[in-house]
Amino acid sequence: SGFAGGDGTQDNPFQIETAAQLAYFAKTVNEGEAYLYKYIVLTADIDLANKEWTPIGNHSNPFKGNFNGNNHTVTGMQISNSSADYVGLFGECTKFNVNSAIKNITVKDSVICGENFVGAIVGYAEGINIENCRSIGNTINGKTDVGGICGKSGGYSVGKVSQCYNSSKVTGRVRVGGIAGMGGIAENCLNTGEITIIDKAYQRACGGIFGIFDDTT
C-alpha cells in the first residue's frame, strides 16, 4: 500500500509519515475508499511545501473512518480554487459509527480558499466528532459556512467539536466562525483569530466559536 505501515485496525493503524503518503490517502478516499472501521494515524509532522492540496474526501466520497494526527502538524497547505466546495485538509467527513473522528491534528501557516464549506481541518463534518484540533496562522477565505476548524459541523446527528483552537484569520460572506461557520455542539473551544464577514447584511451570522448555531437536531 501507499502507507508507511499498518493494516488499518485500531491496534495497528495505517501510518502516514510523508506528504506523498498523505496525498495517497487523499487520492484513495476521493476514489471511493471511505475507510469504514479503519484507523489512520500520522507519525510525523508534514510539510506540504505550498503545493496545491486536494482535500481528503469530497461530497461524493467522504471519509468515514478514524483519523488521529497524534498531535502532529501539517504546514504549507495551499488550496487556491475559490470556487471549490468542501475545502480543508479534509473536504467532507461523515460519521459511520461511534469511532468516526478527526482528532489531534494542527494545520499551520497555510492558505485555504474555497466557496462553501471551508475550514482548515474539515470543510464539512457531518455528524463526525472533531477533537483537539488546531488552526494556527492560516489564512482562510470562503463565501458561506467558513470556519477556522471546520466550515460546517452538522448532519442528522450533530458531531461535537471539542478542545479545538483557532488563531487563524477567517473571512467569508455569511455564516463565518472562529471554530465553525455553522455548528451545533462545542466544548472547551477557543478562538483568538480575527473573524471578518464581508456582507454587512449577514453580520449577525458571525461569531467567535460558531457563525450560526444549528439547532435543527
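Further up the page is the structure itself.
Remember, it's a predicted structure, so these values are computed and weren't measured experimentally. (Residues numbered from 1 in each chain as written. Predicted model: local features only at pLDDT ≥ 70, side-chain atom pairs only at ≥ 80, totals over all residues. Heavy atoms only, no water.)

A. How the structure looks around the packing of aromatic side chains. If you walk through the whole model with that rule in mind, you get 16 aromatic pairs. Geometrically, the ring pair formed by phenylalanine 117 and tyrosine 124 is stacked, given 5.2 Å between the ring centres and 20° between the ring planes. Across the pair, exposure class does not vary: phenylalanine 117 and tyrosine 124 are buried alike. Of the aromatic side chains, those joined through ring pairs into one cluster are Phe3, Phe14, Tyr24, Phe25, Tyr35, Phe63, Phe67 and Phe90. (Phe/Tyr/Trp six-rings, centres within 6.5 Å; stacked < 30°, edge-to-face > 60°. Buried < 20%, exposed > 50% of the residue type's maximum accessible area, 1.4 Å probe, protein only.)

B. Region of interest: the sheet that holds strand S24 (residues 195-197). The strand order across the open sheet built from 5 strands is S5-S9-S14-S19-S24, with neighbouring strands paired in parallel fashion. For this open sheet the edge positions go to strand S5 (78-79) and S24, each flanked by a neighbour on one side alone. Looking at chain direction, strand S9 (residues 111-113) and strand S14 (residues 139-141) are connected through 3 bridges and run parallel. Along S14, the bridge assignment pairs isoleucine 112 with isoleucine 140. (Pairing = 2+ DSSP bridges. Helix = DSSP H or I, 4+ residues; strand = E, 2+ residues; numbered from the N terminus.)

C. Focus on the environment of alanine 186. Structurally, alanine 186 is set in strand S22 (residues 185-187). Alanine 186 sits 22 residues away from cysteine 164 along the chain, and the two C-alpha atoms are 8.7 Å apart. Among residues more than four places away in sequence, those in contact with alanine 186 are Val161, Ile209 and Phe210. (Contact = heavy atoms within 4.5 Å.)

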